[in-house]
Each structure stands twice: as C-alpha cells, then as structure tokens.
Amino acid sequence: MKTIAHISDLHFGTEDSKIADGLVKELQQLQPTVVVNSGDFTQRARKSQFRSAADYMKQLPKPQISIPGNHDIPLFDVFRRFISPLGRFKNYITDDMFPRYVDDNLTIMGINTARSLTWKSGRISTDQIDELQKILSGLPKNHFKIIVTHHPFIPPPGQENTGVTLVGRATKALKIIEQNNVDLLLAGHLHQGYTGDIRTFYPSSDRAIIVAQAGTAISRRVRYEPNGYNVIRWEYGRIEIEVRRWEAAESSFTQAGKCVFVQQEEQWTLQTEAAATGPVL
Ligand SMILES: [Fe+2]
Ligand SMILES: [Fe+2]
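Structure report, in brief. If you're wondering where the values come from, they're calculated on a predicted model, not measured in any experiment.

Definitions and cut-offs
Residues numbered from 1 in each chain as written. Chains lettered and ligands numbered in written order. Predicted model: local features only at pLDDT ≥ 70, side-chain atom pairs only at ≥ 80, totals over all residues. Helix = DSSP H or I, 4+ residues; strand = E, 2+ residues; numbered from the N terminus. Buried ≥ 20, exposed ≤ 12 C-beta atoms within 10 Å, placed from the backbone. Contact = placed C-beta atoms within 7 Å. Pairing = 2+ DSSP bridges. Axes fitted to C-alpha atoms, helices over the stretch in contact; angles between N-to-C directions. Parallel < 35°, antiparallel > 145°, perpendicular 65-115°, else oblique. Nonpolar A, V, L, I, M, F, W, Y, C, P; charged D, E, K, R; others polar. Arc of directions from axis to C-beta. Expected span 1.5 Å × (residues − 1).

The subject of this paragraph is the overall build of the protein. Scanning the protein from N- to C-terminus turns up six helices and 15 strands. In the protein, which comprises 281 residues, the share counted as buried stands at 44%. Across the protein, every contact between residues at least 6 apart in sequence was considered, and the portion connecting residues at least 24 apart equals 72%.

If you want it as structure tokens, here you go:
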C-alpha cells in the first residue's frame with residue numbers, strides 16, 4: 001500500500017506554530033510514501049516567509065512534491081511580480097516546475113497553475129498541456145496516476161454557482177488527463193477540504209477521476225472549517241481518502257471523514273463515505 005500525505009496552503013507568515021508542530025509530529029509518525037504540498041507556502045512571498053517554509057518542509061518526511069500557489073507570487077511588489085514571479089519559490093522550495101515522483105506502480109506529477117497577471121486565478125498553459133501529454137503517454141499503463149495543481153478542478157459541493165476560482169483551461173487539460181487514465185487530482189487554494197468525482201462538474205467526462213481537495217494545514221486563514229490535511233492510501237483497486245482535522249481541545253489532528261473508492265472495470269466508484277465530523281467554523 002502507498003500512503004500520500006497531502007498538505008496545502010501553509011501560508012507562512014500566518015502560520016499557527018502549535019498546529020505546525022502537531023503536523024510535523026503526525027507526519028513523522030505516519031512516514032508516508034510521499035508528501036505532496038499543493039502550494040501557497042507563504043502569505044506574501046516574502047524572503048523570510050519562504051525561509052520559514054523551506055525550514056519547515058525540511059522537518060517533514062521525504063520525498064516531497066511541491067508546487068507554487070498564487071500567494072507564492074508577490075502581489076504588491078509589482079516589479080518582482082512580473083520580472084521574476086517565482087524567483088523566490090525556485091530559490092527556496094524547488095526550481096522544478098514539473099516535479100514528479102515515480103516508483104514501481106505510482107506516478108505523481110505537479111503542475112504550476114500560479115500566474116502573475118491574473119494573480120488569484122490559476123491556469124494551465126497549452127505548453128503545459130503538451131508536456132503533460134508527452135509525460136503521461138510514456139508512463140506504464142498499470143501506474144496509479146496523480147496530478148497535483150494549486151487551483152482546483154471542481155468547486156466544493158453546493159458552491160457550483162458561486163464563482164469560486166477554478167483552474168483555467170480545465171476542459172482542455174482534462175481531455176489529456178482522461179485519455180491517459182489519470183486516477184486522482186489533488187489541489188488546494190480554497191481552504192476547504194472535500195472529495196468528489198470530476199463528472200459531477202464535467203458531465204461530458206467518460207471516466208471517473210477522483211478529486212481530493214485539502215484545506216489549509218497550519219495557517220490561521222481558515223474559512224469554513226478547522227485546519228486539516230488528507231491522508232490518501234492506495235492499493236490496486238482501492239483508494240481511501242482520510243481527512244484529518246486539527247482538534248484544538250486535544251491539540252492534535254484526528255480523523256474527521258473518510259471516503260473509499262473501489263475500481264471496477266477501470267472505473268472508480270464511491271464505496272463508502274463518512275462525512276467530515278469535525279467542528280464547522
Ligand atoms: Fe491559500
Ligand atoms: Fe491560493
């Protein structure tokens with residue numbers, strides 16, 4: 001079985017140090033196969049914030065897949081925003097804009113969706129879609145394939161018409177993702193954790209592609225729910241997505257929800273779902 005710890009939206013500069021320490025403890029105990037971080041490492045892309053984020057990531061188990069979020073591009077420093085938007089991210093976190101983890105049966109690929117011009121909104125470029133096609137088509141068919149973006153592909157349940165920021169060019173990217181049998185999409189950005197099937201928002205999709213969104217792991221920028229992250233466990237034919245939320249009274253993360261999907265005739269279907277039971281803010 002492979003275990004993926006999916007964390008997101010750390011927002012160093014607004015981090016809660018008690019929760020940050022709690023997460024380190026959890027992940028050191030969990031010893032996942034991979035730690036995936038789906039972006040927004042910092043609050044304002046400042047040097048000191050990137051330094052803290054980089055030091056923090058060093059405490060977490062490896063290997064790691066890291067991609068930037070919109071907050072990792074300076075917003076107010078206009079010169080830096082347009083001349084070297086991801087300069088600090090590349091210096092402190094990683095300069096690999098197509099980070100990959102590949103083992104005997106699992107492939108995880110990150111794609112940068114953060115943009116200078118449309119700061120809050122994210123997008124996949126046509127060049128990235130071409131590269132995606134090239135990489136995905138070269139992978140063994142039996143691999144469990146995961147794509148990581150900062151901006152989500154589907155909105156939270158019940159928020160379909162509220163104008164939440166989704167990744168741009170999603171329909172075009174999804175064609176390639178679908179054709180190449182990608183199983184799971186991971187993202188963050190909305191600070192809301194939820195799980196779904198791509199077909200609920202893109203009914204024209206022929207295949208089920210599972211979506212797992214992570215909330216903010218350690219930042220005080222919580223929106224509708226406490227801090228949390230996802231633990232994903234995969235073995236052939238079965239995937240389990242566990243939401244773990246910070247329980248302030250216990251000063252630790254506890255299980256707050258779990259979804260199990262099973263694969264039948266190459267299609268993933270939801271088998272059981274225990275809704276998140278943690279406190280709602
Ligand atoms: Fe964020
Ligand atoms: Fe974001």
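Another point: the sheet that holds strand 3 (residues 64–66). An order of 3-2-1-12-13-14-15 is seen for the seven strands of this open sheet, with the pairing classed as mixed. The open sheet has two edge strands, strand 3 and strand 15 (267–274), and neither has a second partner. Going across the sheet, the axis of each strand differs from the next one's by a mean of 20°, ignoring polarity. Looking at chain direction, strand 13 (residues 238–247) and strand 14 (residues 252–264) are connected through 10 bridges and run antiparallel. Counterpart to Glu-240 in the pairing with strand 14 is Val-260.

All right, on to the packing of helix 5 (residues 126–137) against helix 6 (residues 170–179) then. As a packed pair, helix 5 and helix 6 sit with axes 10 Å apart at the nearest point and diverge in direction by 10°. When the axes of helix 5 and helix 6 are compared, the pair comes out roughly parallel. Where helix 5 approaches helix 6, its residues Ile-129, Leu-132, Gln-133 and Leu-136 are matched on the opposing element by Lys-172, Ala-173 and Ile-176. Taken together, the residues that form the contact of helix 5 with helix 6 break down as five nonpolar, one polar and one charged.

Quick look at helix 6 now. Taken together, the buried positions of helix 6 are occupied by Ala-170, Ala-173, Leu-174, Ile-176 and Ile-177. Taken end-on, helix 6 shows its buried residues confined to a sector of 160°, consistent with a single buried face. Of the exposed residues in helix 6, the ones pointing more than 90 degrees away from its buried face are Thr-171 and Lys-172. Close packing links the buried residues of helix 6 with helix 5, strand 7 (144–148) and strand 8 (167–168). Of the residues flanking the end of helix 6, it is Asn-181, one or two places downstream, whose phi is positive at about 55°.

Okay, the sheet that holds strand 7 next. Taken in spatial order, the six strands line up as 4-5-7-9-11-10 in an open sheet, and their pairing is mixed. If you trace the sheet from one side to the other, it starts and ends with strand 4 (100–102) and strand 10 (194–197), each paired once. Averaged over all pairs of adjacent strands, the angle between their axes in this sheet comes to 15°, without regard to strand direction. Where strand 10 lies against strand 11 (residues 210–213), four bridges are found, and the strand directions are antiparallel. Bridging from a neighbouring strand, Asp-197 pairs with Ile-210 of strand 11.

Over its 14 residues, helix 1 (residues 17–30) extends 20 Å from the first C-alpha to the last, a length consistent with the 20 Å expected when each residue adds 1.5 Å. When helix 1 is considered as a whole, its buried residues turn out to be Ile-19, Gly-22, Leu-23 and Leu-27. Along the axis of helix 1, the buried residues cluster in a sector spanning 125°; they form a single face. For helix 1, the exposed residues lying more than 90 degrees away from the buried face are Ser-17, Lys-18, Gln-28 and Gln-29. At its buried positions, helix 1 is contacted by strand 1 (2–7), strand 2 (34–37), strand 12 (228–235), strand 13 and strand 14. One or two steps after helix 1, the chain reaches Gln-31, where phi turns positive at roughly 45°.

Turning next to the environment of Ile-147. By the secondary structure assignment, Ile-147 is in strand 7. Taking the C-beta count within 10 Å as the criterion, Ile-147 has 25 such neighbours and is therefore assigned buried. The contact partners of Ile-147, leaving out residues within four places of it in the chain, are Met-109, Ile-111, Ile-177, Val-182 and Leu-185.

Before going further, it helps to examine the environment of Gln-59. Within the secondary structure layout, Gln-59 lies in helix 2 (residues 47–59). With 13 C-beta atoms packed within 10 Å, Gln-59 lands in the partly exposed category.

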